[in-house]
Amino acid sequence: MADYDRRGGSSYNPRKRRYRDDDDHDRRGPPPAYGRRRFDGPPPHVRVRKQLIAIAENPMRSWHDEVTHIANLFTDNWDDELLRGNFVDLVLQLAVEQPLKTPFTAAVVLFANAARPQVVDMLLAKLTARIEEKIGAGEWRDVKLYLKLLACLQPCLEGEGVFPVLEELFARAVDLQTASSEDTIGTEIVKIILLTLPYVMVAAPGKWTQKAADLMDKTDIIASEPHTLQTLVDPYHPEPGDESPPQCQSLIGLLQSQLQNEANNGWALSCLPRPWEFPLSEVEQRAKLEDAPKHALPPIKIPETVVTGPRPLFPEVYISVYANQDVESVPPLSNAASSLIRDALVDTINVLDYNRNVTARHLIDLDCYFAPRTFAARATPFDKLRDIEPPKSTWKPEDVAVDAVFSQLFQLPAPEHKLVYYHSVLTEACKLAPAAIAPSLGRAIRYLYRNSPRMDLELAHRFLDWFTHHLSNFGFTWKWTEWVDDVYLPDVHPRKAFILGALDKEIRLSFAQRIKNTVPEPYRELITEEKEKDQPDFKFANDDTPFAAEGREIAALLKRKGPDEEIDAVIQRIQSQAIDRDLDALVASTDVFVTCVLHIGSKTLSHVLAAIERTKDRLADAGAASDAARTQIITAIMTYWSAHPGVALKIIEKLLNYSILTPETVIQWALTGFAGRTKGEALATAHVYEMVFNTVVKVTGRVRQLASRPLSTMGDTDEAETREREVSAMRALFSVIQSALTAWESGKDVDMADGEGNSDAESQQMVKRWAERWLRVFRRRATVEEAFLVEAERERARRKEREEEEARKKAEAGNADAEVVDAPAAAA
Amino acid sequence: MRGPRGTVERLDQPSAYFSRNKRRRLEKENRDGENNEDPNAHNDQPEEDPLKNATTLYVGNLSFYTTEEQVYELFSKCGEIKRLIMGLDRFQKTPCGFCFVEYYTHQDALDCMKYIGGTKLDERIIRTDLDPGFTEGRQYGRGKSGGQVRDEYREDYDEGRGGLGRALQLARERERENRQYNDDDYGRLK
């Protein structure tokens, strides 16, 4: 239980005594006589740990001071066994937990090597074992991070050091790439090689230019060729007629050309820190480092076949929300700094998802971890960047940090962690340094708002979701006045759709009156009176509504939990009246009943869920009776909660869980029914997208769960059958979505009979564009899910092989041991 | 259990609340069970950690006015919510500033601790804690006046949570009543 405890009882910090247990007795022993008390400080292993973990955090300390200090503290206490063992483990741990610090910890090792060369051997033994293990498991990020550490240790390695490892890795990449053009592991490996290389070049300057050039000649073929899957992950989806579509470059293609530039420039790599370099005045220290012994790198075995690992791999593209500014506030694409800094930050962000405060801290302090003068001073206002004289850097550390987070938030097909993690990192960064971060976010928001119409639709919705969630953490303050003109655009226009979606999402996180007070006058019109009501009107309270009396009767019966027969009777009455009026009887009675259930549950979600729970049999029967009736359930919900679509969506989600609704019903309602009634303008509505998207996520999530479930030996065939069934249901769902959307995209469904003027043609054009964007999202999702299934299939086969292997081994061992085991078994 | 201690603290660990309560319970059992034949019986088997697979979170520091829908909206960002139980005033049956959110998976609950705990909902910083699971009765405040204990003697004025602590409010009201009563008395005598 101890390590579950937040109080950190095991850390050494005498000031934290007060947090210990109440029943803790005083462990200090008798107080020493006055004047003789001596403070020893914590033991060396504690001091080294603390200082190593905090390395480079303090900008006021010079790197070489800090590095030599820690290295000396370590080597001076070499006899401390606890320290010796812990040190190596801690260096390895820091490499994968706090990647920004790797060059610094490596410098400590390099310096310690001068006094205690054994430490490097200890480290290399463990490090190479880890690299081997991670390659085997396909945990490519860890491979990269450990290789980065190894690269920084290049000066103390014998022979060619890390190069043979990189070359062998490359050989695997070539095999994979020649085998399949859709291969992504090879791409990943090349990325790792290219990102490792710069660290070798700064750690051992001048020595390896030929080796590097050879390696880069080889990687060029893979890196410069655009990947077949690249369009799948392109964050932009410009219209055909777009005059300046935003450029989007493959990460490894970019890296290859950037490093080529560096090679031509003698590998200046001016952004990378070189904490192992000592000022010229420190002759002694420099000599020590020069003369330190070299070590043989233990061999790293790379398996013949490498695997994708736990995370699906896709080609990556470089994206920046600060592109095309008149002053460069982030490194330009031509400079390797853009890729190298981004890589280190993205790793930090994704590795530290379990402590967003620390992530934010690293982002704010990022200038501590790169070469001095790489960035402009912190919190320099954007306008002041113009005044900076040329040789000095205009890169704003805040922009670079924010850009890195957005690159993840807008990663396709999906970032490593839940989107809300990246929201929370931006929130914390904004809390830590509001004056510095907030203006950067503001410029990012403006860029995204301007460009969201040409962005991939899924990303545009991620932007919407982040924007509203972010504002909810900062009192809903935003300069809405600058977008005021867009309020007058038609609802189907993408920017107006964004505004409408944002207001709705803000209200969901807060309440209408509050949000109304945060926006300027023109926006307030968009927040209708209905949105300010806690509970919607009950349409049957009005006698003019058809079936008003019956509606009230059913509501009353539901409220006092009246017997089923009485409800049956009223429903019969509605149905016969409907037939008289030439209406669909089932649709009419379903509408009345569902509306009544919603009405008696209108107070809170708990109320409506309880009401659904009580009436679920009748609802299921209604849904099963006919397609039209099932669709009517959704229509009734969306109508009743039209002012609060968020509530409607949650109710629909629950009905899907009860299987009262099917995923197809939801899709049909949204993309055919509702879209038809609105002439396709429904496609511009954020909550309609959300409804379809959530439904798809639910279905694909279930399929993924089934596909990756470990095989139980018993129900093998049963499981396979269920899986097959769910997979084909998913495929069917995707084809329903695609055919509905294709109709909108081609404009076939558009009924131009009532021949309106230009405005209508214009909005139909926009509808087509929406359909195009929708289509791309769901086609991609279908592709990604298929890729997942293929990989899951492979994994199942591998697992089966392993299990059989083990079983065989066990059987063999069992036979051999049988006679020996017999005796003690009998005795027991 | 988790391997070596990390270089960065994790945000998805439970507070000391449950381990503390458990220790107290154990100590009490130890004291009470001194005369039993085997006072160390429960030490023989390592205790199952009740939070190991927890899917429920206790959520605290909500405003009394925060609705279920708002909680859903925010907490769904970490995964589908299986069940939401609003904390209610024991007597008035109105929200009293806490709730239990139950997810379908343990991972969603951990992610919620990491990404949502300590952020704002309805413009208040909320607190999340892993919870072994909701049991009937826990939805009610355990303070004397029906709300949460922390709202009894709170000395700061918190508009979202009914102003001052209720016990303090009550005391002040009584004081005021007494004074008025005296005034009236005085008036009548005149």
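Thresholds, definitions, all that
- Residues numbered from 1 in each chain as written.
- Chains lettered and ligands numbered in written order.
- Predicted model: local features only at pLDDT ≥ 70, side-chain atom pairs only at ≥ 80, totals over all residues.
- Heavy atoms only, no water.
- UniProt positions renumbered as here; feature names shortened; annotations may be inferred.
- Helix = DSSP H or I, 4+ residues; strand = E, 2+ residues; numbered from the N terminus.
- Buried < 20%, exposed > 50% of the residue type's maximum accessible area, 1.4 Å probe, protein only.
- Contact = heavy atoms within 4.5 Å.
- Areas by Shrake-Rupley, 256 points an atom, 1.4 Å probe, with all protein chains shown as cover.
- Lys, Arg positive; Asp, Glu negative; His and termini not counted.
- Charge placed at Lys NZ, Arg CZ, Asp CG, Glu CD.
- Axes fitted to C-alpha atoms, helices over the stretch in contact; angles between N-to-C directions.
- Parallel < 35°, antiparallel > 145°, perpendicular 65-115°, else oblique.
- Left-handed = near helix turned anticlockwise from the far one by under 90°.
- Nonpolar A, V, L, I, M, F, W, Y, C, P; charged D, E, K, R; others polar.
- 1 Å grid on protein atoms, 1.4 Å probe; cavity = no way out; pocket = protein on both sides within 12 Å on 5 of 7 lines; lining within 4 Å.
- Points joined across faces, edges and corners; volume = space filled by probe spheres on them.
- Phe/Tyr/Trp six-rings, centres within 6.5 Å; stacked < 30°, edge-to-face > 60°.
- Lys NZ or Arg CZ within 6 Å of the ring centre and 35° of its normal.
- Buried area = accessible area lost by both parts, 1.4 Å probe.
- Salt bridge = Lys/Arg side-chain N within 4 Å of Asp/Glu carboxyl O.
- Polar contact = N/O pair within 3.5 Å; in protein donor to acceptor, adjacent residues only side chain to side chain.

Under an unreviewed UniProt entry, the name given to chain B is Nuclear cap-binding protein subunit 2, and the source organism is Humicola insolens. Quoted verbatim from the Subcellular location (unreviewed entry) field of the UniProt record, the comment on chain B reads "Nucleus".

Named according to an unreviewed UniProt entry, chain A is Cap binding protein originating from Humicola insolens.

So, on to the overall build of chain A. Broken down by element type, chain A carries 32 helices and 2 strands. Across its three principal directions, the C-alpha atoms of chain A cover 100 × 90 × 75 Å. Across the 828 residues in chain A, those meeting the buried criterion constitute 53%. Within chain A, contacts between residues at least 6 apart in sequence are counted, and of these 74% link residues at least 24 apart. Accessible area for chain A stands at about 37,600 Å²; split by element, carbon and sulfur atoms hold 52% of it. Within chain A, one finds 102 positive and 125 negative side-chain charges whose respective centroids are separated by 6 Å.

Attention now goes to the UniProt feature "domain: MIF4G-like type" (unreviewed entry) in chain A. Under the UniProt annotation, "domain: MIF4G-like type" (unreviewed entry) lies at residues 331-521 and 538-786 of chain A. Along residues 331-521 of chain A, the helical share is 59% and the strand share 0%, with 40 Å between the first and last C-alpha atoms.

Listed under "domain: RRM" (unreviewed entry) in the UniProt record, and renumbered for this structure, are residues 55-133 of chain B. End-to-end, the C-alpha atoms of residues 55-133 of chain B are 7 Å apart, and along that stretch the chain is 23% helix and 39% strand.

Turning to the packing of helix 23 (residues 548-559) of chain A against helix 24 (residues 564-580) of chain A, a few remarks are in order. Residues and elements named next belong to chain A. For the pair helix 23 and helix 24, interaxial distance at closest approach is 10 Å and the crossing angle is 165°. Classed by the angle they form, the pair helix 23 and helix 24 counts as roughly antiparallel. Seen from above, helix 23 lies across helix 24 with left-handed handedness. For the pair helix 23 and helix 24, the contacting residues are Glu550, Glu553, Ile554, Leu557 and Leu558 in the first and Glu566, Ile567, Val570, Ile571, Arg573, Ile574 and Gln577 in the second. In terms of residue class, the contact of helix 23 with helix 24 is built from 7 nonpolar, 1 polar and 4 charged.

Over the atoms a probe the size of a water molecule is rolled, and this reveals where empty space is left. Approximately 1,200 Å³ is the volume attributed to the second largest pocket. Residue lining of the second largest pocket: 46 residues in total, with Lys603 and Thr604 of chain A together with Thr67, Glu68 and Glu69 of chain B positioned closest to the centre. For the lining of the second largest pocket, the elements supplying multiple residues, two or more each, are helix 19 (494-509), helix 20 (512-516), helix 22 (529-532), helix 23, helix 26 (605-625) and helix 28 (645-657) of chain A together with helix 3 (68-75) and strand 2 (81-88) of chain B. For the lining of the second largest pocket, the per-class residue count stands at 17 nonpolar, 13 polar and 16 charged.

Another aspect to go through is unusual backbone geometry. Residue and element names in this part refer to chain A. In this model, leucine 412 is joined to proline 413 through a cis peptide bond whose omega is 0°. Positive phi is not limited to glycine here, since aspartate 582 has a value of about 65°. With respect to the helices, strands and loops of the structure, aspartate 582 is situated in the loop between helix 24 and helix 25 (585-600). Note on aspartate 582: relative accessible area 72%, which makes it exposed.

Here the focus is the packing of aromatic side chains. Residue and element names in this part refer to chain A. The full count for this structure, using the stated rule, is 36 aromatic pairs over all chains. Consider the rings of phenylalanine 538 and phenylalanine 540, whose centres lie 5.5 Å apart with planes at 80°: the pair is edge-to-face. Phenylalanine 540 matches phenylalanine 538 in its accessibility class, with the two residues each being buried. Here a set of aromatic residues connected by ring pairs shows up, and it is made of Phe406, Phe410, Tyr449, Phe463, Trp466, Phe467, Trp478, Trp480, Trp483, Phe498 and Tyr523. Looking at arginine 342, its charged tip hangs above the ring of tyrosine 318, at a distance of 4.3 Å from the centre. If you follow arginine 773 out to its NZ or CZ, it ends over the ring of tryptophan 770, 5.3 Å from the centre.

Attention now goes to the interface of chain B and chain A. Often the size quoted for an interface is simply the accessible area lost on bringing the parts together. Counting residues at the interface gives 49 residues for chain B and 53 residues for chain A. Where chain B abuts chain A, roughly 4,600 Å² becomes buried across the two surfaces, and 45% of that area is made up of carbon and sulfur atoms. Counting across the chain B and chain A interface gives 8 salt bridges. Measuring nitrogen to oxygen at the nearest pair gives 2.7 Å for the salt bridge that ties glutamate 73 of chain B to lysine 650 of chain A. Our enumeration of links across chain B and chain A arrives at 26 residue pairs in polar contact (both at pLDDT 80 or more). For the side of chain B that touches chain A, the secondary-structure elements that each account for two or more residues are helix 1 (16-32), helix 3, strand 2, helix 4 (106-115) and strand 4 (120-121) of chain B. When its residues are assigned to classes, the side of chain B that touches chain A shows 17 nonpolar, 11 polar and 21 charged.

Residues and elements named next belong to chain A. Its location among the elements puts lysine 496 in helix 19. A distance of 2.8 Å separates polar atoms of two side chains, one belonging to lysine 496 and the other to aspartate 491. Ignoring any residue separated from it by four or fewer positions in sequence, one finds lysine 496 in contact with Asp486, Val487, Leu489, Pro490, Asp491 and Leu526.

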